[in-house]
Amino acid sequence: MRGTAAANGAGKLAASVAARIVDDVAGRGWPVGEVIGSEAELLERYGVSRAVFREAVRLVEHQHIASMRRGPGGGLVVTEPDVAAVIDAAVIYLLRVGARLDELFEARLVIEEIVTEVAPERLDEPGITSIRAQVEDEAAGRIVDQRALHTLLARLTGNPALELFVEMLSRLSVFYFGDMSEVPHATVGAVGVAHRKIAEAVCAGDGGLARRRMTTHLRAEAEFIRSRRNTRQALNPAAAIRGREGGKRAEAVARAIFGQVVEQGLEPGTFLGSEPDLISEHEVSRAVLREAVRLLEHHQIAAMRRGPGGGLFVVPEDVTAVCDVIAVYLERHGVQARHLAEMRVGVELALVDLVLARPREQVEARLVEALRAEQEAPFEEVVDVVHDLHTALASLGGNLVLELLARILIRLTRLQELQRPARVRRAIRTELHRTHAGIGEALVSGDRDLARHRLSEHLQVLAEVAR
């Protein structure tokens with residue numbers, strides 16, 4: 001189902017084996033702690049060399065899918081996907097594309113408004129009890145993490161994608177802001193009051209009121225963070241890249257090289273140095289440098305070319321790498337088509353509003369191009385171009401964080417559609433041809449209400465067809 005991203009041609013076979021490992025783990029029901037095979041058994045199963053297999057293992061270890069245990073009874077052991085690895089991938093991608101703090105808060109507002117609309121509809125008595133306890137604990141100072149209520153409300157929606165996105169965006173906001181301990185006591189108290197009011201509206205089943213209160217709260221938070229001296233509009237490269245346990249030196253080297261790429265704005269193809277030069281520059285062993293390079297290759301930052309004229313070169317940023325990490329995490333947590341559809345409606349309706357603020361001729365040119373690509377694609381390729389109109393909306397919106405979220409949802413939907421029978425995919429294509437032109441027409445004419453109505457109905461129909 002997933003395609004683990006490879007940084008260069010030499011790594012494609014290892015990436016393919018890594019994707020097969022992920023599928024095997026998922027097919028077994030993700031039995032955490034279970035050994036799925038010894039190295040010798042897996043070499044025979046996948047039919048590759050030891051070098052290729054070990055490179056594939058490094059990829060799945062970085063994604064927290066499985067790890068190799070040495071010694072008697074050892075082998076490849078299934079591990080629990082780590083939300084920190086997902087957030088790390090998102091931070092790195094957003095650093096590469098230059099996402100700004102304002103874009104992050106705009107995206108948070110969209111996602112958490114969805115939460116406050118959905119949570120009251122699915123709330124049961126234990127949920128009410130947990131929300132009240134959370135608010136009481138926060139007021140009493142027993143909970144100091146101001147993200148806790150946001151995370152709880154997202155969890156109570158029963159939508160694992162929504163829960164992940166709330167966690168991801170709230171953690172990302174901390175990277176733009178320095179020391180949270182510097183928040184004045186009065187501000188902490190105001191946050192507590194806002195949380196209590198949001199909680200009361202959710203527990204009362206009033207989604208509209210909860211949404212309005214969440215919007216007010218997040219806008220106030222954004223204004224506070226913008227006003228602080230140590231706030232930065234751009235993400236800090238020092239916040240990114242985590243290696244495996246015990247690989248701290250390699251992690252530091254990878255982070256230093258990544259910081260150079262981001263801060264100097266180095267273009268894809270830029271030469272960063274030969275292996276001997278990098279070993280000397282960073283004063284590390286060959287083994288440490290190669291582990292650092294694996295991290296850079298895994299995150300689609302740079303890749304090592306072997307042979308004459310070789311060395312470490314910057315590679316283009318790739319949203320696919322982020323999507324693959326998130327796809328693995330969400331599959332482990334039981335994401336379904338209805339979860340993705342629920343989020344896409346909210347995200348893409350927000351994008352409609354942003355797109356309509358763009359120059360009309362720019363919108364028309366991009367949408368015409370997208371619609372033509374869909375019409376001309378043969379059926380066998382339809383899954384690869386099926387969402388071109390939606391991808392165009394994401395890129396036209398002008399918000400890099402929302403674009404990332406939209407692309408993740410689009411790709412996850414596409415991956416799920418790949419598993420559908422051909423007749424279902426044909427029905428999906430028919431629905432696309434029937435409605436995409438109408439959505440594009442409404443956008444080009446600047447008719448906000450009609451564009452939102454057609455897009456919302458279209459996504460709901462697609463979700464029903466794909467069930």
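Residues numbered from 1 in each chain as written. Predicted model: local features only at pLDDT ≥ 70, side-chain atom pairs only at ≥ 80, totals over all residues. Heavy atoms only, no water.

Asks: What exactly am I supposed to notice about the overall build of the protein here?
Replies: Per the secondary structure count, the protein includes 21 helices and 5 strands. A total of 467 residues make up the protein; the buried ones form 53% of that total. In the protein, once contacts between residues fewer than 6 apart in sequence are set aside, the share between residues at least 24 apart is 75%. Carbon and sulfur atoms provide 49% of the accessible area of the protein, an area that totals close to 20400 Å². (Helix = DSSP H or I, 4+ residues; strand = E, 2+ residues; numbered from the N terminus. Buried < 20%, exposed > 50% of the residue type's maximum accessible area, 1.4 Å probe, protein only. Contact = heavy atoms within 4.5 Å. Areas by Shrake-Rupley, 256 points an atom, 1.4 Å probe, with all protein chains shown as cover.)

Asks: Is there a simple way to explain the pairing of strand E4 (residues 302-305) in this structure?
Replies: Two faces, one strand: in a regular strand the side chains alternate between the faces of the sheet. Examined bridge by bridge, E4 and strand E5 (residues 311-314) share 4 bridges and lie antiparallel to one another. The residue bridging arginine 305 from the neighbouring strand is glycine 311, located in E5. Between E4 and the antiparallel strand that follows it, E5, lie 5 residues; glycine 307 among them carries a positive phi value of about 90°. (Pairing = 2+ DSSP bridges.)

Asks: What's the story with the nonpolar core in this structure? I'm lost.
Replies: The nonpolar side chains of a soluble globular protein tend to be buried, and buried together. By size, the foremost hydrophobic cluster in this structure holds 93 residues, and its most contacted members are Ile111, Phe165, Met168, Leu312 and Ile326. Ranked by residue count, the leading element in this core is helix H5 (residues 101-122), at 11 residues. If we skip the residues at most four places from it in the chain, methionine 168 touches Val86, Ile87, Ala90, Ile326 and Leu405. (Core = buried A, V, L, I, M, F, W, Y, C linked by side-chain atoms within 4.5 Å.)

Asks: It is not clear to me how helix H4 (residues 83-97) should be interpreted in this structure. Could you clarify?
Replies: Each full turn of the α-helix corresponds to 3.6 residues, which orients residues three or four apart in the same direction. Between the first and last C-alpha of H4 there are 22 Å, a value that for 15 residues agrees with the 21 Å anticipated at 1.5 Å per step. Looking one or two places after H4, you find glycine 98, whose phi comes out positive at around 80°. (Expected span 1.5 Å × (residues − 1).)

Asks: I would appreciate a short explanation of the packing of aromatic side chains in the present structure.
Replies: The geometry of an aromatic ring pair is captured by the separation of the ring centres together with the interplanar angle, meaning the angle of the planes. For the coordinates displayed, the defined rule picks out 1 aromatic pair. The lysine or arginine in question, arginine 305, covers the ring of phenylalanine 313, its NZ or CZ lying 3.9 Å from the ring centre. (Phe/Tyr/Trp six-rings, centres within 6.5 Å; stacked < 30°, edge-to-face > 60°. Lys NZ or Arg CZ within 6 Å of the ring centre and 35° of its normal.)

Asks: Sorry, what's going on with unusual backbone geometry here?
Replies: When glycine is set aside, most residues are seen to have a negative phi, and most peptide bonds are trans. Phi at tryptophan 30 is positive, roughly 55°, even though this residue is not glycine. Summarising the element assignment, tryptophan 30 is placed in the loop between helix H1 (12-27) and helix H2 (39-46). Note on tryptophan 30: relative accessible area 5%, which makes it buried. Its identity as a non-glycine residue notwithstanding, glutamine 300 has a phi of 55°, on the positive side.

Asks: I would appreciate a short explanation of the environment of methionine 343 in the present structure.
Replies: With respect to the helices and strands, methionine 343 occurs in helix H15 (residues 337-355). For the pair methionine 343 and valine 110, spaced 233 residues apart in sequence, the C-alpha separation works out to 9.6 Å. Those residues in contact with methionine 343, other than ones at most four positions away along the chain, are Ile111, Ile114, Asn159, Ala161, Leu162, Phe165 and Leu409.

Asks: Explain the pattern of salt bridges here, please?
Replies: Side chains that differ in sign of charge can pair as their charged atoms come close. Enumeration according to the criterion identifies 28 salt bridges in this entry. Its salt-bridge partner being arginine 70, residue glutamate 39 comes within 4.0 Å of it at the nearest N-O pair. Placement of glutamate 39 in helix H2 and of arginine 70 in the loop between strand E1 (66-69) and strand E2 (75-78) is noted, with a sequence separation of 31 residues between them. Residue class for glutamate 39 comes out buried when judged on its relative accessible area of 14%. The partner of arginine 294 in a salt bridge is glutamate 291, and the shortest N-O contact between them spans 3.1 Å. Within this pair, arginine 294 and its partner glutamate 291 are both found in helix H13 (residues 286-298), separated by 3 residues, close to a single helical turn. The same class applies to arginine 294 as to glutamate 291, namely buried. What emerges from the salt-bridge pattern is a single network uniting Glu39, Arg50, Arg54 and Arg70. (Salt bridge = Lys/Arg side-chain N within 4 Å of Asp/Glu carboxyl O.)

Asks: What is the right way to look at the sheet that holds strand E3 (residues 271-273) in this model?
Replies: Strand pairing in a sheet relies on backbone hydrogen bonds, with the paired strands running either antiparallel or parallel. Across the sheet, which stays open at both edges, the 3 strands sit in the order E3-E5-E4 with antiparallel pairing between neighbours. The open sheet has two edge strands with one neighbour each: E3 and E4. The mean angle between the axes of side-by-side strands here comes to 35°, regardless of whether they run parallel or antiparallel. The strands touched by H13 within the sheet are E4 and E5, with E4 carrying the most contacts at an inclination of about 125°. (Axes fitted to C-alpha atoms, helices over the stretch in contact; angles between N-to-C directions.)

Asks: Honestly, the pairing of E1 in this entry has me stumped. Any pointers?
Replies: Where burial is concerned, the two faces of E1 differ: the one with Ala66 and Met68 is buried and the one with Ser67 and Arg69 is not. Taken together, the 4 bridges between E1 and E2 define a ladder with antiparallel strand orientation. Note on E2: the bridge partner recorded for alanine 66 is valine 78.

Asks: Would you mind going over H13 with me for this structure?
Replies: Look at H13: 18 Å from first C-alpha to last across 13 residues, which is about the 18 Å you get at 1.5 Å a residue. Count one or two residues on from H13 and you reach glutamine 300, which has phi positive near 55°.

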